[in-house]
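Each chain is listed here by its residues.
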Amino acid sequence: YAIADALRISYCESGWEDVQNANGGPYWGRFQIAFTVAGYHQDKLTQLGYPATVESLLNPYINAQVALLIWQEEGWGPWECQ
């Protein structure tokens, strides 16, 4: 069930596009993961061995890996699309 939910949420969040939030907010990639100056979710990128950059979150594979870590910690709560 989690995979079906993930597909639905990522499509709702980004239309499966590797983009920045349409409103110019600090959300990136297919799962629209927050990436802020304060370092929000940068720790997850480095934990996975990737550079803590916006460009990393625009890679769909990396974006999904970070989303998985967020989901394991917090469930689907951080996403607007439920």
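What you see is a predicted model, and the numbers here were worked out from it, not measured in a lab.

J.: Mind showing me how you'd approach the overall build of the chain here?
T.: When helices and strands are tallied, the chain shows four helices and two strands. Moving toward the C terminus, one meets the helices and strands of the chain in the order α-β-β-α-α-α. For 82 residues, the compact-globule estimate of 2.2 N^0.38 gives 12 Å, and the chain sits close to it at 11 Å. Counting every position in the chain, which comprises 82 residues, the buried fraction comes to 33%. Of the contacts made within the chain by residues no fewer than 6 positions apart, 37% connect residues no fewer than 24 positions apart. As presented, the chain carries roughly 5000 Å² of accessible surface, and 57% of it is formed by carbon and sulfur atoms.

J.: Looking at this structure, how should I read the state of the cysteines?
T.: Note: disulfide means a covalent bond formed between the sulfur atoms of two cysteine side chains. Enumeration according to the criterion identifies one disulfide in this entry. The disulfide that involves Cys 12 links it to Cys 81, with 2.0 Å between the sulfurs. Torsion about the S-S bond of the Cys 12 and Cys 81 cystine: about -65°, corresponding to left-handed handedness. Separated by 69 residues along the polypeptide, Cys 12 in helix H1 (residues 2-14) and Cys 81 in the segment after helix H4 (60-74) bring together distant segments of the chain.

J.: Can you help me understand the pattern of salt bridges in this one?
T.: Side chains bearing opposite charge may pair, as long as their charged atoms lie close to each other. Throughout the structure, instances matching the rule amount to four salt bridges. Put simply, Lys 44 and Asp 43 hold a salt bridge, and the shortest N to O gap is 4.0 Å. A residue is classified by how much of its surface remains accessible, and Lys 44, at 5% relative accessible area, is buried. Judged by its relative accessible area of 45%, Asp 43 falls in the partly exposed class. The salt bridge partner of Glu 73 is Lys 44, with a shortest N-O separation of 3.4 Å. Of this pair, Glu 73 sits in helix H4 while Lys 44 sits in helix H2 (residues 42-47); the two residues are 29 residues apart in sequence, bridging distant segments of the chain. Each of Asp 43, Lys 44 and Glu 73 takes part in one network of salt bridges that share partners.

J.: How should the environment of Tyr 1 be read in this particular structure?
T.: Within the secondary structure, Tyr 1 sits in the segment before H1. C-alpha separation for the pair Tyr 1 and Val 66, spaced 65 residues apart in sequence, amounts to 19 Å.

J.: What should I look at first to understand unusual backbone geometry in this one?
T.: For residues other than glycine, phi is negative in most cases, and the peptide bonds are mostly trans. You will see that Trp 16, though not glycine, has its phi angle at about 60°, which is positive. Residue placement: Trp 16 occurs in the loop between H1 and strand E1 (27-28). For Trp 16, a relative accessible area of 39% gives the class partly exposed. The phi dihedral of Gln 32 falls on the positive side, at around 50°, and the residue is not glycine. Overall, Gln 32 belongs to the buried group, its relative accessible area being 8%.

What counts and what doesn't
Residues numbered from 1 in each chain as written. Predicted model: local features only at pLDDT ≥ 70, side-chain atom pairs only at ≥ 80, totals over all residues. Heavy atoms only, no water. Helix = DSSP H or I, 4+ residues; strand = E, 2+ residues; numbered from the N terminus. Rg over C-alpha atoms; globule rule 2.2 N^0.38 Å. Buried < 20%, exposed > 50% of the residue type's maximum accessible area, 1.4 Å probe, protein only. Contact = heavy atoms within 4.5 Å. Areas by Shrake-Rupley, 256 points an atom, 1.4 Å probe, with all protein chains shown as cover. Disulfide = S-S within 2.5 Å. Salt bridge = Lys/Arg side-chain N within 4 Å of Asp/Glu carboxyl O.

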